[in-house]
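Coordinate analysis (summary)
Residues per chain are reported as follows:
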Amino acid sequence: MRRGQNVTHPWLFLLRGFFPSWRFFDAPGLQPRLFVRALLNNKEWSAWYVFVPRATFRVRDLLYNPENNLHLTEQTLIEHLSSDLQALPEDRDAASLVSYSLTVRLARRIARGLVSDRPITGFQFDLRLLPGLGDDGTEMIILKSPIYQEADHAS
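I will try to describe carefully the structure that is included in this document. Only a predicted model underlies this, so the values are computations on that prediction, with no experimental measurement involved. (Residues numbered from 1 in each chain as written. Predicted model: local features only at pLDDT ≥ 70, side-chain atom pairs only at ≥ 80, totals over all residues. Heavy atoms only, no water.)

Turning to helix α2 (residues 66–87), a few remarks are in order. Helix length check: α2, at 22 residues, gives a terminal C-alpha distance of 31 Å against a target of 32 Å (1.5 Å per residue), a fit within 8%. For α2, the set of buried residues is His71, Glu74, Gln75, Thr76, Leu77, Ile78, His80, Leu81, Ser82, Asp84 and Leu85. (Helix = DSSP H or I, 4+ residues; strand = E, 2+ residues; numbered from the N terminus. Expected span 1.5 Å × (residues − 1). Buried < 20%, exposed > 50% of the residue type's maximum accessible area, 1.4 Å probe, protein only.)

It is worth spelling out the environment of leucine 70 at this point. Locating leucine 70 in the fold gives a position in helix α2. Of the residues examined, leucine 70 reaches a relative accessible area of 46% and is grouped as partly exposed. Note: C-alpha distance between leucine 70 and proline 53 (17 residues apart in sequence) is 9.0 Å.

Among the nonpolar cores identified, the biggest contains 25 residues, and Leu34, Leu85, Tyr100, Phe125 and Leu143 are the most heavily contacted of them. Elements represented by at least two residues in this core include exactly β1 (31–40), α2, α3 (98–114) and β3 (120–130). When residues of this core are assigned to their parent elements, the largest contribution, six residues, is made by α3. Contact partners of leucine 34, with chain neighbours within four places excluded, come to Tyr49, Val50, Phe51, Ile78, Thr103, Leu106, Ile110, Phe125, Asp126 and Leu127. (Core = buried A, V, L, I, M, F, W, Y, C linked by side-chain atoms within 4.5 Å. Contact = heavy atoms within 4.5 Å.)

The element β3 is largely enclosed, with a buried count of eleven among its eleven residues. Pairing of β1 with β3 involves ten bridges; the strand directions are antiparallel. Residue pairing across strands places phenylalanine 35 opposite aspartate 126, the latter belonging to β3. Note: β3 against strand β5 (residues 148–149), two bridges, orientation antiparallel. When the bridges of β5 are listed, glycine 122 appears paired with glutamine 149. Two elements, β3 and strand β4 (residues 140–144), share four bridges in a ladder whose sense is antiparallel. What sits directly across from leucine 127, in β4, is leucine 143. (Pairing = 2+ DSSP bridges.)

It is possible for side chains bearing opposite charge to pair when their charged atoms get close. One pass over the full model with this rule turns up eight salt bridges. For arginine 118, the salt bridge goes to aspartate 117, with nearest N and O atoms at 3.9 Å. With relative accessibility at 45%, the residue arginine 118 sits in the partly exposed group. With its nearest N and O atoms 3.1 Å apart, the salt bridge here joins arginine 128 to aspartate 126. Here arginine 128 and aspartate 126 have matching classes, each one buried. (Salt bridge = Lys/Arg side-chain N within 4 Å of Asp/Glu carboxyl O.)

Here it is in structure tokens:
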């Protein structure tokens, strides 16, 4: 494998979830971020919430840190979805991607956590590219999901 070349072998593709994305070392640029909002029972939307996983540091985390590992995996999932969308052929739907299905589950969990004291009837998420340091400040929405209804909610 040469530097800068994407790995496309089917077996290696399945293993990519175990490795973080190292593209941030190449050059500063747009960063993929997940935005989530929840639909409340009174048919009002919560504010958009940008999901930036952060774990608190404790000394014991040097030896065993499953919470931070989960957060790193979630951010890697968002980066993989962004890369999958950029490589997606025009005739395919984003919902056919495994990374999209996993992001739907992540967004559902985030939406439930946004309003933990109240039940939600649905949720929606965006995948946006936010500028890095020194960029012009414009963000770009590369994916806007449909509104997903909560299955455990009785209307």
